[in-house]
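Close look at the chain arrangement
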Amino acid sequence: MKRRVVYRLPGVLRLGLALSLVAAGCSAGLPEDGSDPATTESSTCSAPELTYKPLRRLSNTELDNTLHALLGSDLASDLVLPVRTTAEDGFDADHRALQVGEIVVEQLHDLALQISLRVAESPGLVLGCDMQHDKDWLCIEGLVDDFIPRAFRRPLAPIQRDRYLAFGKALLSEEGLAVTTGLLVQAALQSPDFLYRLQHVSGDDGAAGSERFDGYTIASRISYLVWQAPPDDLLMADAAGGALVEPEVRAAHIERMFADPRAAGPARDFARQWLGLGRLDVATKDDERFPEFNAELARMMREQTERFVARTLLDEGGSFEALLTSTQVHSTEELAELYGIPHAGGAEWESGSLPVSERAGVLTQAAWLSIGAHRQDGSPVLRGVDVLRRILCIEPGSRPEGIADVPRRPDGDEITQTNRERFESRVALPKCLACHQSFDPIGYTFESFDAIGRYRTHDGPVPVNTEASLHLSGELGGVVGDAIELSHRIASSRPYALCMSEQLNRFAQARKQGSADRCRVEHDRERMAAAGNTYLALLLGAVQRPDFIRRLREEDGQ
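As a starting point, this report considers the structure included with it. (Residues numbered from 1 in each chain as written. Predicted model: local features only at pLDDT ≥ 70, side-chain atom pairs only at ≥ 80, totals over all residues. Heavy atoms only, no water.)

Some remarks on the overall build of the protein
Cut-off, in case you're wondering: Here a helix means four or more residues in a row that DSSP labels H or I, a strand means two or more in a row labelled E, and each is numbered from the N terminus. Note on classification: 1.4 Å probe, protein chains only; a residue is buried when its accessible area is under 20% of the maximum for its type, exposed when over 50%, partly exposed between these limits. A contact between two residues is defined here by any heavy atoms of the two lying within 4.5 Å. Here the open area of atoms and residues is found with the Shrake-Rupley method and a 1.4 Å probe, where only the protein chains shown may cover a residue.
The helix and strand tally for the protein stands at 22 helices and nine strands. Per-residue burial for the protein yields a buried fraction of 53% across its 558 residues. Counted over contacts in the protein with a minimum sequence separation of 6, partners at least 24 positions apart contribute 70%. Counting every atom, the protein has about 24300 Å² of accessible surface; 52% of that belongs to carbon and sulfur.

Take a look at the structure:
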């Protein structure tokens, strides 16, 4: 009978893991806005400043992609990853959301244990050797010299290699090749070298108290930026040869990797975090009014918008403007029915166009509209606030205490007030109007969409009213007729382009952009505007800046 092997690392190793992870996750001294404490805001912006680069562990998406690249689908599929946490604005790749406590240490240990059990059952999937008993030690040496450096995204330091070889040698005589392989993999996958985006520096000290990352750190920064995955062989070769210090070499890798299908994953993940699409996972609707709404339809809504953002950013020129104006989407049969467009059937996802008289961009897609709604009706407040926060990077005022929610729509078909009228009457008080006038008019333009994003011309028997006067400054202010006009007005505006630069930098840098980032964000905005405000322009600009390969020296910064 085959013995079932269940091993955990010795307690002393697990304690070392916990202490190293907690220490590595420390961010003491970092201001709440995520800005670099070593820089100060200046009155003029002549060049991007050296920015703070927080140390953080791999996000769940990065961890999953890294495990698949390292182990293959046979070993890395259907694993139980740590519980996903998010920062206050919905970004779960933020370094604050990825800090490590005792519970996360246990979850990461259990993840490594899951994998080690699979490896012990099928060691040949990670061992690149001829598994004969008299060659067991050669297999262990090969694991230490190949698998573990790939896991760490860099060659092992001599002392690391010696320790892993000694650990393997001590186990091999007692446990055999399969169990030893599983335990070595388990140990490597709990190392901060695997779990963290560590920042190794070269011996090159730069001006202004900075130091340069080594080639392998630069390679990882590029790869996780574009693919959310470890570097491929081409990046690692240039890392070893020192070529990644050259901005034109980094740019060439960006263009190569941008054209690879793997670039779609991060674009979809950005859409999920930027628009808060995870809120669809817990959305509920009135069963009588929306019997078609269920978890599966919500999943389709979410995937449709993720696909739309990825295709727009990667395949259709990468224009930020198109995110708010394009009507080209992929739809399932269920979504096509909701939108009232044809679907040929057969393949689940089919490319098509939404009616240009009804829709324009992500703000008129079912995913975002369903999030910005209650069980029975759309919410002008939720939709308006979301446009301010996520599309224009404007933070509305906080809600005064003692203000009740808008009353629920009465049961039955007969209504005495439209959805808009109920909200307008509720916020007419002076203490409410001061804040609500900044976002409610934005929300009113979406009254032609119900609580699941279906287009409508009437609210009950009454025609919907989508015209609104926007209390916003400059080019965004004034009267708009509906959500389509609003989307087009925002899409061509400077505040939106600046906000998209900030949101994408927020996603890429794993931290909220603070006051100290003002010059860099403004510089990025001007450069991207000259290049057509595209995702590729942002990536190229990011990696070609000297700041991409440098950080403040520790005695001068964090």
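Regarding the pattern of salt bridges
In plain terms, the rule: Salt bridge criterion: a side-chain nitrogen from Lys or Arg within 4 Å of a carboxyl oxygen from Asp or Glu.
Tallied over the full model, the rule gives 30 salt bridges. A salt bridge links R84 to D92; the shortest N-O distance between them is 3.5 Å. With its nearest N and O atoms 3.3 Å apart, the salt bridge here joins R299 to E348. Here R299 is found in helix 12 (residues 295–314), whereas its partner E348 is found in the loop between helix 14 (333–339) and strand 4 (350–353), with 49 residues between them in sequence. On the basis of relative accessibility, which here comes to 41%, the residue E348 falls in the partly exposed class. Through salt bridges that share partners, R268, D281, E296, R299, R302, E303, E306, R307 and E348 make up one connected network.

Concerning the state of the cysteines
Selection rule: For this text, the term disulfide refers to a pair of cysteine sulfurs within 2.5 Å.
Applying the stated criterion across every chain yields a total of two disulfides. Each sulfur of the disulfide joining C129 and C139 lies 2.0 Å from the other. The sign of the S-S torsion, about 105 degrees, decides the handedness of the disulfide formed by C129 and C139: right-handed. Taken together, the residues C129 in the loop between helix 4 (102–121) and helix 5 (136–152) and C139 in helix 5 connect sequence positions 10 residues apart.

Section: helix 8 (residues 215–226)
Under the convention used in this document: Under the convention used throughout, the expected extent of a helix is 1.5 Å for every residue step, that is, one less than its residue count.
Over its 12 residues, helix 8 extends 17 Å from the first C-alpha to the last, a length consistent with the 16 Å expected when each residue adds 1.5 Å. With 12 of 12 residues buried, helix 8 is to be regarded as a mostly interior element. Among the residues trailing helix 8, Q228 stands out with phi positive, at a value near 55 degrees.

What about the packing of helix 8 against helix 10 (residues 247–258)?
Selection criterion: Lines fitted to C-alpha atoms define the axes, with helix axes restricted to the stretch in contact, and inter-axis angles between N-to-C directions lie between 0 and 180 degrees. Reported orientations rely on four angle classes, namely roughly parallel under 35 degrees, roughly antiparallel over 145, roughly perpendicular from 65 to 115, and oblique for the rest. Helix crossings get a hand from a simple test, with the near helix turned counterclockwise from the far one by less than a right angle marking a left-handed crossing and a clockwise turn marking a right-handed one. Side-chain classes follow a simple rule in which Ala, Val, Leu, Ile, Met, Phe, Trp, Tyr, Cys and Pro form the nonpolar group, Asp, Glu, Lys and Arg form the charged group, and the remainder, Gly included, forms the polar group.
Interhelical geometry of helix 8 versus helix 10 gives an angle of 30 degrees and a closest axis separation of 10 Å. Compared by their axis directions, helix 8 and helix 10 come out roughly parallel. As helix 8 packs across helix 10, the resulting crossing turns out to be right-handed. Seen from helix 8, the contacting residues are I218, I222, S223, L225 and V226; seen from helix 10, they are R250, I254, M257 and F258. Looking at side-chain class alone, the contact of helix 8 with helix 10 contains seven nonpolar, one polar and one charged residues.

Observations concerning the environment of S210
Definition in use: Polar contacts, as counted here, are pairs of nitrogen or oxygen atoms within 3.5 Å of one another; within protein the pair requires one atom able to donate a hydrogen and one able to accept it, and residues that are adjacent in sequence qualify only if both atoms are side-chain atoms.
Inspection of the secondary structure assignment puts S210 in strand 2 (residues 210–213). A polar atom in the side chain of S210 sits 2.9 Å from the side chain of R550.

Side note on the nonpolar core
Let me state the cut-off plainly: Only buried residues count toward a nonpolar core. Its members are Ala, Val, Leu, Ile, Met, Phe, Trp, Tyr and Cys residues joined through side-chain atoms within 4.5 Å.
Of all hydrophobic cores here, the largest spans 87 residues; its most connected members are W274, M301, V387, I391, F446, I490 and Y496. In contact with Y496, other than residues within four places in its own chain, are F320, E321, L323, L324, I391, L392, I490 and A491. Counting residues in each nonpolar core, the second largest holds 40 residues, with L71, L111, C139 and F147 among its members.

Brief notes about the environment of A243
Tracing the backbone shows A243 in the loop between helix 9 (233–241) and helix 10. Expressed as a C-alpha distance, the spacing of A243 and G215, which sit 28 residues apart in the sequence, is 7.8 Å. Dropping the residues within four chain positions of it, A243 is found in contact with D238 and V249.

Structural notes on empty space enclosed by the protein
Stated precisely, the cut-off is as follows: A 1.4 Å probe that fits but cannot get out identifies a cavity on a 1 Å grid over protein atoms alone, an open set with protein on both sides within 12 Å along at least five of seven lines counts as a pocket, and a residue lines either if it has an atom within 4 Å of a point. Grid points are joined across faces, edges and corners, and a volume is the space filled by probe spheres set on the points.
Within this structure, the stated rule accounts for six cavities of 30 Å³ or more. The space that makes up the largest cavity amounts to roughly 570 Å³. In this structure, the largest cavity is lined by 33 residues; those nearest its centre are R56, R197, S220, R221 and A508. When contributions to the lining of the largest cavity are tallied by element, the ones reaching two or more residues are helix 8, helix 20 (494–509) and helix 22 (535–544). The element that contributes the greatest number of residues to the lining of the largest cavity is helix 8, accounting for six residues.

A few points about the packing of helix 11 (residues 264–274) against helix 20
At a minimum axis distance of 11 Å, the contact between helix 11 and helix 20 shows a crossing angle of 110 degrees. Taken together, the axes of helix 11 and helix 20 lie roughly perpendicular to each other. Handedness of the helix 11/helix 20 crossing: right-handed. Here P266, D269, F270, Q273 and W274 of helix 11 come into contact with helix 20, specifically with M500, Q503, L504 and F507. In the contact of helix 11 with helix 20, the residues fall into six nonpolar, two polar and one charged.

So, the packing of aromatic side chains
Our working definition: Any two of the Phe, Tyr and Trp rings considered here, Trp counted by its six-membered ring, make a pair once their centres fall within 6.5 Å; the pair's planes then place it as stacked at under 30 degrees, edge-to-face at over 60, or tilted in between. Here, over-ring charges are defined by two tests on the NZ atom of lysine or the CZ atom of arginine: distance to the ring centre within 6 Å, and angle to the ring normal within 35 degrees.
Following the criterion strictly, the structure yields six aromatic pairs and no others. Grouping aromatic residues by their ring pairs yields a cluster made of F270, W274 and F507. Here the guanidinium or amino end of R262 rests over the ring plane of W227, the centre of that ring lying 3.7 Å away. Here K285 stacks its cationic end above the ring of F293, 6.0 Å away from the centre of that ring.

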